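The chain contents come next:
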Amino acid sequence: MNKIQQDLKHKIEHIFKVKCTEVSKLINLEGSNHVYLFNIKGQNYVIKKLNDMSIMDWKREKAAYNSLKSFNITDELVYFDNGIKITKFLEKSKSLSYDESDMIDLLDHIRKVHESGISIEYEYDIIDNMNKYIAHCNKETKELNELANFRDQIKSIQAMLNKLKVPRVLCHGDACIPNFFRLPDGSIKILDWEYAGMADPLLDIAIATLHQGFENVDPVWCLHQYLKRVPTEQEFLRLNSFLALNSLALMVWCIYGDPENYEYYLNSAVHYSKFVLDI
């Protein structure tokens, strides 16, 4: 058992007021943070601690969970303080797939969040996220120099979006398949709200398609399904703008977190930046 596991197990014992022998399993669920499954008296729970490379404030995720509690669309929160989150494990659930019906369900549930009228004090700021990612890169690299070449495009796209003054809604900020689980009764729960914030709703649609991969889902199809009508020219422009900006942000994340996918997001950034600015 490594130090992280030991610290989390001690935390579990303190929170639940149990002896160490009463905490079993502590299975690593992997992912970009420290996430473990554990069991106490026959009940499974999940404990999460953001890793040192995370750019997010845990209070953001707590605010989202608290605001959405009555909406019954998240996993059940048991404890959240000082960066430690504990939720009840979703028994016999399974992640959504790339099947058309599952993608429609994903988009329907994102729409429900957007239309809920719920708000939190945090904004989702792509440029701020990008700068935080850059701050983690402690040396200049070829990849960072490539990102610098997009500086003018980033400013132009952001300025254009600001002029539109689209009303902000609560966005998940990481609306990808692994965060959506179907329960045995058919209901769907949305997990991991660490990127949640107020933003243009089409931000979530862009993120969903980027994370799923264009080989699995079509952004234009997703936009039609989300809106349930033919998109306007402005809506196409907003979607493609967020595809460009989030591709750039993910390029930086890839530098230290997922180097194998760097070229994928670079190519996406080139394509969508040119598409948006050529309109």
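The structure this text deals with has already been given above.
Keep in mind it's a predicted model, so treat the numbers as computed, not measured.

Asks: Describe helix α4 (residues 126–136), listing the residues and the values that go with them.
Replies: Every buried residue of α4 is listed here: I126, N129, M130 and Y133. Along α4, the residues classed as buried sweep out an arc of 100 degrees about the axis, all on the same side. Buried positions along α4 lie against α5 (142–148), α6 (151–164), α7 (202–212) and α9 (233–257). Between a side-chain oxygen at the N-terminus of α4 and the backbone nitrogen of I127 the separation is 3.1 Å; the capping residue is D125.

Asks: Requested: an account of the packing of aromatic side chains, with residues and values cited.
Replies: For the coordinates displayed, the defined rule picks out five aromatic pairs. Ring geometry for F38 versus Y45: centroids 5.4 Å apart, planes at 20 degrees, classification stacked. Residues Y264 and Y265 carry aromatic rings whose centres are separated by 5.0 Å and whose planes lie at 85 degrees to one another, so their mutual orientation is edge-to-face. These aromatic residues form a ring-pair network of at least three members: F16, F38 and Y45. The residue whose ring lies beneath R111 is Y226, and the NZ or CZ to ring-centre distance is 5.7 Å.

Asks: Go over the nonpolar core, please, and point to the residues and values.
Replies: Soluble, globular proteins show a tendency: their nonpolar side chains are buried together. In terms of nonpolar packing, the biggest core is built from 70 residues, with W193 and M251 touching the most fellow members. For this core, the element with the highest residue contribution is α9, accounting for 12 residues. What M251 contacts, discounting residues up to four positions off in sequence, is L147, F150, Y262, Y265, L266 and A269. With 13 residues, the next largest nonpolar core counts L8, Y36, Y45 and I84 among its residues.

Asks: Talk me through the side chain of E61; I want residue IDs and the actual numbers.
Replies: Mapping E61 onto the fold places it in helix α2 (residues 58–68). Residue classification places E61 among the buried residues on the basis of a relative accessible area of 1%. At a separation of 2.9 Å, a polar atom in the side chain of E61 contacts the side chain of K85. In this structure E61 touches K48, F80, K85, D192, W193 and E194, once residues within four positions along its chain are discounted.

Asks: Before we move on, could you go through the sheet that holds strand β1 (residues 23–28) and cite the residues and values that matter?
Replies: Across the sheet, which stays open at both edges, the five strands sit in the order β1-β2-β3-β5-β4 with antiparallel pairing between neighbours. With partners counted over all chains shown, the strands left at the sheet margins are β1 and β4 (77–81), one partner each. On average, each strand axis in the sheet is tilted by 20 degrees relative to the strand beside it, whichever way the strands run. Across four bridges, the pairing between β1 and strand β2 (residues 34–40) is antiparallel. Counted as the bridge partner of V23 is I40 from β2. Sitting on the sheet, helix α1 (residues 3–16) is in contact with β1, β2, β3 (43–49), β4 and β5 (84–88), with an inclination near 45 degrees to β2. In this fold α2 packs onto β3, β4 and β5, with an angle of close to 150 degrees to the strand it touches most, β4.

Asks: Run through the sheet that holds strand β9 (residues 188–190), naming residues and quoting values.
Replies: The strand order β6-β8-β9 describes an open sheet built from three strands, whose pairing is antiparallel. Either end of the sheet is taken by a strand with one partner, and the two such strands are β6 (94–95) and β9. By the bridge criterion, two bridges tie β6 to strand β8 (residues 180–182) in an arrangement that is antiparallel. In the strand pairing of β8, K94 is matched with R182. Helix α3 (residues 100–114) rests against β8 and β9 of the sheet, and its axis sits at about 115 degrees to β8.

Asks: Got a sec to walk through the pattern of salt bridges? Specific residues and values, please.
Replies: Under the definition given, this model contains 15 salt bridges. Between K48 and D192 there is a salt bridge, with its nearest N and O atoms 3.5 Å apart. You can see K48 sitting in strand β3 and its partner D192 sitting in the loop between β9 and β10 (197–199), a full 144 residues away along the chain. On the basis of relative accessible area, K48 is assigned to the buried category, the value being 5%. We classify D192 as partly exposed; its relative accessible area is 25%. Through salt bridges with shared partners, one network takes in K48, E61, K85, D192 and E194.

Cut-offs applied
- Residues numbered from 1 in each chain as written.
- Predicted model: local features only at pLDDT ≥ 70, side-chain atom pairs only at ≥ 80, totals over all residues.
- Heavy atoms only, no water.
- Buried < 20%, exposed > 50% of the residue type's maximum accessible area, 1.4 Å probe, protein only.
- Helix = DSSP H or I, 4+ residues; strand = E, 2+ residues; numbered from the N terminus.
- Arc of directions from axis to C-beta.
- Contact = heavy atoms within 4.5 Å.
- Polar contact = N/O pair within 3.5 Å; in protein donor to acceptor, adjacent residues only side chain to side chain.
- Phe/Tyr/Trp six-rings, centres within 6.5 Å; stacked < 30°, edge-to-face > 60°.
- Lys NZ or Arg CZ within 6 Å of the ring centre and 35° of its normal.
- Core = buried A, V, L, I, M, F, W, Y, C linked by side-chain atoms within 4.5 Å.
- Pairing = 2+ DSSP bridges.
- Axes fitted to C-alpha atoms, helices over the stretch in contact; angles between N-to-C directions.
- Salt bridge = Lys/Arg side-chain N within 4 Å of Asp/Glu carboxyl O.

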